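Okay, here's what each chain looks like letter by letter:
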Amino acid sequence: TDATNYPNVATPLREAVEAAKVSIRAYESLQKAIDEAEVKYGNGEMNAADKFLAAIQKAKAVNDNLESTQDEMAQEIVNLEKAAFEYLLDNGFGTIPTVVTDKRYARGAIAVFGRMSVSGVPSSDIIEQGFCWSVEPNPTVLDNRSSQYLENNGRIYVMNMEPSTLCYIRAYAITKTYAVGYGEQMRVSTLPKGNVTYWYNDGGDAAQNEK
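Values in this document were obtained by computation on a predicted structure and should not be read as measured data. (Residues numbered from 1 in each chain as written. Predicted model: local features only at pLDDT ≥ 70, side-chain atom pairs only at ≥ 80, totals over all residues. Heavy atoms only, no water.)

Caption draft 1: Seen up close, helix H3 (residues 70-90). Helix length check: H3 (21 residues) gives 30 Å between terminal C-alpha atoms against 30 Å at 1.5 Å per residue, within 8%. For H3, the complete set of buried residues consists of Met73, Glu76, Ile77, Leu80, Ala83, Ala84, Phe85, Tyr87 and Leu89. (Helix = DSSP H or I, 4+ residues; strand = E, 2+ residues; numbered from the N terminus. Expected span 1.5 Å × (residues − 1). Buried < 20%, exposed > 50% of the residue type's maximum accessible area, 1.4 Å probe, protein only.)

Caption draft 2: Quick peek at the packing of aromatic side chains. According to the stated counting rule, one finds six aromatic pairs in the structure shown. Residues Phe85 and Tyr178 carry aromatic rings whose centres are separated by 6.4 Å and whose planes lie at 70 degrees to one another, so their mutual orientation is edge-to-face. With a gap of 93 residues between them, Phe85 in helix H3 and Tyr178 in the loop between strand E7 (166-175) and strand E8 (180-182) connect regions that are remote in the sequence. Through successive ring pairs, a cluster of aromatic residues spans Tyr41, Phe52 and Tyr87. The ring of Phe85 has Arg145 lying over it, and the distance from NZ or CZ to the ring centre is 4.3 Å. One cation-aromatic arrangement involves Arg155 over Tyr149; the distance from NZ or CZ to the ring centre is 4.2 Å. (Phe/Tyr/Trp six-rings, centres within 6.5 Å; stacked < 30°, edge-to-face > 60°. Lys NZ or Arg CZ within 6 Å of the ring centre and 35° of its normal.)

Caption draft 3: Region of interest: the sheet that holds strand E6 (residues 155-160). If you trace the four strands from one edge of the open sheet to the other, you get E1-E2-E6-E5, paired in antiparallel fashion. Every interior strand has two partners, whereas the edge strands, strand E1 (98-107) and strand E5 (149-151), have only one. Averaged over neighbouring strand pairs, the angle between their axes works out to 35 degrees when direction is ignored. As judged from the four bridges shared by strand E2 (residues 111-119) and E6, these two strands associate in the antiparallel manner. In the strand pairing of E6, Phe113 is matched with Val158. (Pairing = 2+ DSSP bridges. Axes fitted to C-alpha atoms, helices over the stretch in contact; angles between N-to-C directions.)

Caption draft 4: Structural detail: helix H2 (residues 49-64). Here H2 is 16 residues long and its end C-alpha atoms lie 22 Å apart, about the 22 Å a rise of 1.5 Å per residue gives. Listed in full, the buried residues belonging to H2 are Ala49, Phe52, Ile56, Ala59, Val62 and Asn63. Buried residues of H2, seen end-on, are gathered within an arc of 155 degrees and therefore sit on one face of the element. Residues of H2 that are exposed and point over 90 degrees away from its buried face: Asp50, Lys51 and Asp64. (Arc of directions from axis to C-beta.)

Put into structure tokens, the structure is as follows:
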């Protein structure tokens, strides 16, 4: 190869190598998710095993397909995580925590804020707590959920939503054995999103004010 043509050859080659590395990492990530899901699946004798197995097999098919895109593989990882979570909930056991949804809440155009309390089990047994919500009554953790919170005389949980949305919210808590407790639901509505306009004038001419 002519050395003067090296830059024209080397650049596409480097790009191809980097793309191959990214693709390999995507396959490896999906394979790791599959392996973890199979561990949770176990011997397949628990509740809803058929549904979970179908999700694992679908992920394997995508991973075995050399033409699968990175987006497809990333989506299968998300699908597997959701299927595994649902499988664990279907087989949860132990004491269900007592959850109280505080009747006080705050709302804006893109978020609702709420408080909650949990009792009935040791705090060390709780692996996640927060709020779930849906446009349908009786939301569950399989709908929208958030464990994000702010500290202000206790935890204030944040639910990110769309403006002008009527929905139902309720607090939840999940134990190490995936027993789930829910508080009472509340119906809330986010506010319409406003528009902000402004103008500026420092006494100069129009060109100066544009800066």
